Amino acid sequence: MSQPHHYNPDPHAHPGLHLIAVVEAVKGALALLAASGLELLGPAPLQRWIHELIVRFQLDPNHGAIAWLVGAINPGGVHLAALVAALYGAMHLLEGWGLWRAKAWASWLGCITVALYLPFDVYALAKHPGWLSLVVVAVNLAVLWVLARDLVIRRR
């Protein structure tokens, strides 16, 4: 009969969590950087970029997604996008910190967020099959497995 496994609370005993923590922290930092850039630069650079796309690809600025995008790039829309990016970044930084410290709530948060993203990733794989879509699904499944395994081991 095998010995029952006890959870080792030492964060250094969880290299998989540390790797995921680093990735989450990087995603959080990049999102905060993007939010800061949106707030500092405002809508003008985005409007210039969209105008260059319209001219280069001879798009109709009055119809379709481009028309919606042109209308959405305004100070209010940029502030909202910056707020969403900042909240996204803060959540991922918090998750990264919690995973680095081997906190159960961080593993739960990671499982929930990966489980929310996974249907979209699988849909993207079905719609646009390719190695990149496959890698995204595989990595997210691996992350889900590591985090779920951490939670199962904690319950023993």
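Everything here concerns the structure above.
Parameters at a glance
Residues numbered from 1 in each chain as written. Predicted model: local features only at pLDDT ≥ 70, side-chain atom pairs only at ≥ 80, totals over all residues. Heavy atoms only, no water. Phe/Tyr/Trp six-rings, centres within 6.5 Å; stacked < 30°, edge-to-face > 60°. Buried < 20%, exposed > 50% of the residue type's maximum accessible area, 1.4 Å probe, protein only. Helix = DSSP H or I, 4+ residues; strand = E, 2+ residues; numbered from the N terminus. Lys, Arg positive; Asp, Glu negative; His and termini not counted. Salt bridge = Lys/Arg side-chain N within 4 Å of Asp/Glu carboxyl O. Contact = heavy atoms within 4.5 Å. Axes fitted to C-alpha atoms, helices over the stretch in contact; angles between N-to-C directions. Parallel < 35°, antiparallel > 145°, perpendicular 65-115°, else oblique. Left-handed = near helix turned anticlockwise from the far one by under 90°. Nonpolar A, V, L, I, M, F, W, Y, C, P; charged D, E, K, R; others polar. Patch = residues over 30% accessible without salt bridge, like charges linked within 9 Å, V, L, I, M, F, W, Y side chains within 5 Å. Areas by Shrake-Rupley, 256 points an atom, 1.4 Å probe, with all protein chains shown as cover.

## Side note on the packing of aromatic side chains
So, step 1. Counting across every chain of the model gives 1 aromatic pair.
So, step 2. Ring geometry for Trp-97 versus Trp-105: centroids 6.4 Å apart, planes at 25 degrees, classification stacked.
So, step 3. Its relative accessible area of 48% is what places Trp-97 among the partly exposed residues.

## Overview of the side chain of Glu-95
So, step 1. Examined against the element boundaries, Glu-95 turns out to sit in helix α4 (residues 75–100).
So, step 2. One buried charged side chain, Glu-95, makes no salt bridge at all; its nearest oppositely charged neighbour is Lys-27, positioned 6.5 Å away.
So, step 3. The residues contacting Glu-95, other than those within four sequence positions of it, are Glu-24, Ala-106, Leu-109, Gly-110 and Thr-113.

## Observations concerning the packing of α4 against helix α5 (residues 104–127)
So, step 1. The N-to-C vectors of α4 and α5 enclose an angle of 130 degrees; their axes lie 8 Å apart at closest approach. The orientation of α4 relative to α5 falls into the category oblique. In the packing of α4 onto α5, the handedness of the crossing is left-handed. Of the residues in α5, those touching α4 at Tyr-88, Met-91, His-92, Leu-94, Glu-95, Trp-97, Gly-98 and Leu-99 are Trp-105, Ala-106, Ser-107, Leu-109, Gly-110, Thr-113 and Tyr-117.
So, step 2. Taken together, the residues of the contact of α4 with α5 break down into 9 nonpolar, 5 polar and 1 charged.

## With respect to the pattern of salt bridges
So, step 1. If you walk through the whole model with that rule in mind, you get 2 salt bridges.
So, step 2. Residues Lys-27 and Glu-24 are paired through a salt bridge, measuring 3.2 Å at the closest nitrogen-oxygen approach. With a gap of 3 residues between them, Lys-27 and Glu-24 both fall in helix α1 (residues 15–41), about one helical turn apart.
So, step 3. Relative accessible area serves as the criterion here: at 29%, Lys-27 is assigned to the partly exposed category.
So, step 4. In this structure, the salt-bridge partner of Asp-150 is Arg-154, at a minimum N-O distance of 3.0 Å. Taken together, the residues Asp-150 and Arg-154, both in helix α6 (residues 131–155) and 4 residues apart, mark about one turn of the helix.
So, step 5. Since its relative accessible area comes to 5%, Asp-150 is described here as buried.

## Thoughts on unusual backbone geometry
So, step 1. A positive phi angle is found at Gln-58, which is not glycine, with a value near 50 degrees.
So, step 2. The exposure class assigned to Gln-58 is exposed, which follows from its relative accessible area of 71%.
So, step 3. Although it is not a glycine, Ala-102 adopts a positive phi angle of roughly 55 degrees.
So, step 4. Along the chain, Ala-102 turns up in the loop between α4 and α5.
So, step 5. On the basis of relative accessible area, Ala-102 is assigned to the buried category, the value being 8%.

## Things to note about the environment of Arg-149
So, step 1. Secondary-structure assignment places Arg-149 in helix α6.
So, step 2. Separated by 42 residues in the primary sequence, Arg-149 and Ser-107 place their C-alpha atoms 9.4 Å from one another.

## Points about a nonpolar patch on the surface
So, step 1. The grouping of Val-22, Val-26, Leu-30, Leu-33 and Trp-100 at the surface amounts to a nonpolar patch, some 500 Å² of accessible area in total.
So, step 2. For the nonpolar patch, the element with the highest residue contribution is α1, accounting for 4 residues.
So, step 3. Tracing the chain through its elements places Trp-100 in helix α4.
So, step 4. Owing to a relative accessible area of 44%, Trp-100 belongs among the partly exposed residues under this scheme.

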